[in-house]
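# Summary of the model geometry
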Amino acid sequence: AKCFFKHSTCQNAIMIKLLEPADCQRWDNYVNASDAASFFHLSAWRQVMQQAFSHKTYYYFAEQDGQITGILPLVHINSLLFGNALISNAFCVYGGIVASNDQAIAALQKQAQQLARELGVDYLEMRNRQQQHPDWPHKQLYVTFRKTLDSDHEKNMAAIPRKQRAMVRAGIKAGLSSVVDESVERFYRAYSESVRNLGTPVFPKRYFEVLKQVFAEQCEILIIEHEGRLVAGVMSFYFKDEVLPYYGGGTDLARDLKGNDFMYWEVMRRAVDRGCKVFDYGRSKEGTGSYRFKKHWGFEPEPLFYEIDLVKAQQIPDINPLNPKYQLFIAAWKRLPLPVSQLVGPWLAKDLG
């Protein structure tokens, strides 16, 4: 543990400690009690990063008078292809410091910057919903989409703009149905096909198996079927009164049967039945298909502040599919046979935090 900001007695000092298994429940109690914390601040993400990707993690918390007063989950990704970065929180849309006072924020930030320099990373990245570091550059690329749900299904349906609402009704009329799967198998088939079609490497199946195992009831896989055939699948997270459909994709059948619109309506409908009040549609890059899809659902984009402390890098790295230098790769990847993309993709995707 490291001591910061000593006062007249040692007891009043803020201690910065690394998360140990014995502290996980205290950490999660802090997350659940904080309005600023997200699902992606939960301690179990540390286990996911280690088991699924073998990435080194540094989950720091601030402690004062025996109480946790702040948290900061950090993941170190060191890749020959994509660079060397310290990220809060990797593979997650939100992250960054959550703290009860300015002293804890300052101490955790100092610890993160010190670690970044000890590790010799290119940059430190904090993924915040609100701007925390006005003096740091940030990626002006990502937005998130969140919306309050009504307890009345018909009101939620009516809130969907007319054209997209017609898509949902077309899926219902086509006889689509939804079922919850405990296994990731069918979901992974639909998801990996969809990701390949976008020209993006797919995550390893192991990652989704670990997510399901670690988060248990907070992680649900919903499968859309038509006459017993797989149409689409989505993995959603449940946190407090929110639902977060996080990974989703469809087969070739999804386009003709309006499977994706029906799928997200089913997530919304089921979430309301579980008492959820917020639908978090997740992150999208401006100008992409997923951005337009969510806008067509009547969701308004909110900017995300992915704030960067440049350590060795001279500028913010541009590792995203919109970068022109990746266009040839993306075009080639779209033509790969699905089994090949499932074999090679995970080797690349594990470093795309």
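Right, let's walk through the structure included here. Not measured: the values here are computed from a predicted model.

For the rest of this paragraph, the subject is the overall build of the protein. Within the protein one finds 12 helices and 16 strands. Burial statistics for the protein: of 353 residues in total, 54% are counted as buried. Sequence-distant contacts, at least 24 apart, represent 71% of the contacts inside the protein between residues at least 6 apart. For the protein, the accessible area works out to roughly 16200 Å², and carbon and sulfur atoms hold 50% of it.

Glancing now at unusual backbone geometry. The residue after Ser88, namely Asn89, is reached through a cis peptide bond having omega 0 degrees. Structurally, Asn89 can be placed in the loop between strand 5 (83–88) and strand 6 (98–99). If you check the backbone angles, Phe91 has positive phi at about 65 degrees while not being a glycine. Along the chain, Phe91 falls in the loop between strand 5 and strand 6. Of note, Lys258 is a non-glycine position whose phi angle comes to about 60 degrees, a positive value.

This brings us to the packing of aromatic side chains. This structure, assessed with the given rule, holds 41 aromatic pairs. The interplanar angle of 80 degrees and the centroid separation of 6.5 Å between the aromatic rings of Phe40 and Phe237 together place this pair among those described as edge-to-face. Taken as a pair, Phe40 in the loop between helix 1 (24–33) and helix 2 (44–53) and Phe237 in strand 12 (residues 229–239) lie far apart in primary sequence, 197 residues in all. Both residues of the pair, Phe40 and Phe237, count as buried. Plain terms: the ring middles of Phe293 and Trp297 are 6.4 Å apart, the flat faces sit at 40 degrees to each other, and that makes the pair tilted. The aromatic ring of Tyr238 is capped on one face by Arg274, whose charged end is 3.5 Å from the ring centroid.

Tracing the backbone shows Gly250 in strand 13 (residues 242–250). Since its relative accessible area comes to 10%, Gly250 is described here as buried. Each C-alpha atom, one on Gly250 and one on Ala232, is 3.9 Å from the other, the two residues being 18 residues apart in sequence. With near-sequence residues (within four places) excluded, Gly250 lies in contact with Ala190, Ser194, Val231, Ala232 and Asn260.

Where burial is concerned, most of strand 7 (residues 123–128) is hidden: six out of the six residues are buried. Covered by surrounding structure in strand 7 are Tyr123, Glu125 and Arg127 together with Leu124, Met126 and Asn128, the residues of both alternating faces. The pairing of strand 5 with strand 7 spans four bridges and is parallel. When the sheet's bridge partners are listed, Ile87 is paired in strand 7 with Glu125.

Counting buried positions along helix 2 yields seven of 10 residues, so the element is predominantly enclosed. Looking only at helix 2, the buried set comprises Ala44, Trp45, Arg46, Val48, Met49, Ala52 and Phe53. Those residues of helix 2 that are buried lie in contact with strand 3 (56–64), strand 4 (67–79), helix 7 (205–215) and strand 12.

Right, let's talk about the pattern of salt bridges for a bit. Tallied over the full model, the rule gives 15 salt bridges. The salt bridge partner of Asp309 is Arg117, with a shortest N-O separation of 3.1 Å. With Asp309 in strand 16 (residues 305–310) and Arg117 in helix 3 (residues 102–119), this residue pair connects regions lying 192 residues apart in the sequence. Owing to a relative accessible area of 9%, Asp309 belongs among the buried residues under this scheme. Since its relative accessible area comes to 44%, Arg117 is described here as partly exposed. In this structure, Arg274 engages Glu220 in a salt bridge whose closest nitrogen and oxygen atoms are separated by 3.3 Å. You can see Arg274 sitting in the loop between helix 9 (259–273) and strand 14 (278–285) and its partner Glu220 sitting in strand 11 (residues 219–226), a full 54 residues away along the chain. For Glu220, a relative accessible area of 15% corresponds to the buried category.

The next subject is the nonpolar core. Core analysis: the biggest nonpolar cluster contains 59 residues, and Trp45, Tyr207 and Phe208 have the highest contact counts within it. Counting 30 residues, the second largest nonpolar core, distinct from the first, contains Ile160, Ala232, Trp265 and Ala271.

Moving on to the packing of helix 2 against helix 7. Packing of helix 2 against helix 7 leaves a shortest axis separation of 9 Å and a crossing angle of 150 degrees. With respect to helix 7, the element helix 2 is oriented roughly antiparallel. Note that helix 2 runs across helix 7; the crossing there is right-handed. Between helix 2, through Ala44, Trp45, Gln47, Val48, Gln51, Ala52 and Phe53, and helix 7, the contact on the second element is made entirely by Arg206, Tyr207, Val210, Leu211, Val214 and Phe215. Residues that form the contact of helix 2 with helix 7 fall into these classes: 10 nonpolar, two polar and one charged.

Criteria and cut-off values
Residues numbered from 1 in each chain as written. Predicted model: local features only at pLDDT ≥ 70, side-chain atom pairs only at ≥ 80, totals over all residues. Heavy atoms only, no water. Helix = DSSP H or I, 4+ residues; strand = E, 2+ residues; numbered from the N terminus. Buried < 20%, exposed > 50% of the residue type's maximum accessible area, 1.4 Å probe, protein only. Contact = heavy atoms within 4.5 Å. Areas by Shrake-Rupley, 256 points an atom, 1.4 Å probe, with all protein chains shown as cover. Phe/Tyr/Trp six-rings, centres within 6.5 Å; stacked < 30°, edge-to-face > 60°. Lys NZ or Arg CZ within 6 Å of the ring centre and 35° of its normal. Pairing = 2+ DSSP bridges. Salt bridge = Lys/Arg side-chain N within 4 Å of Asp/Glu carboxyl O. Core = buried A, V, L, I, M, F, W, Y, C linked by side-chain atoms within 4.5 Å. Axes fitted to C-alpha atoms, helices over the stretch in contact; angles between N-to-C directions. Parallel < 35°, antiparallel > 145°, perpendicular 65-115°, else oblique. Left-handed = near helix turned anticlockwise from the far one by under 90°. Nonpolar A, V, L, I, M, F, W, Y, C, P; charged D, E, K, R; others polar.

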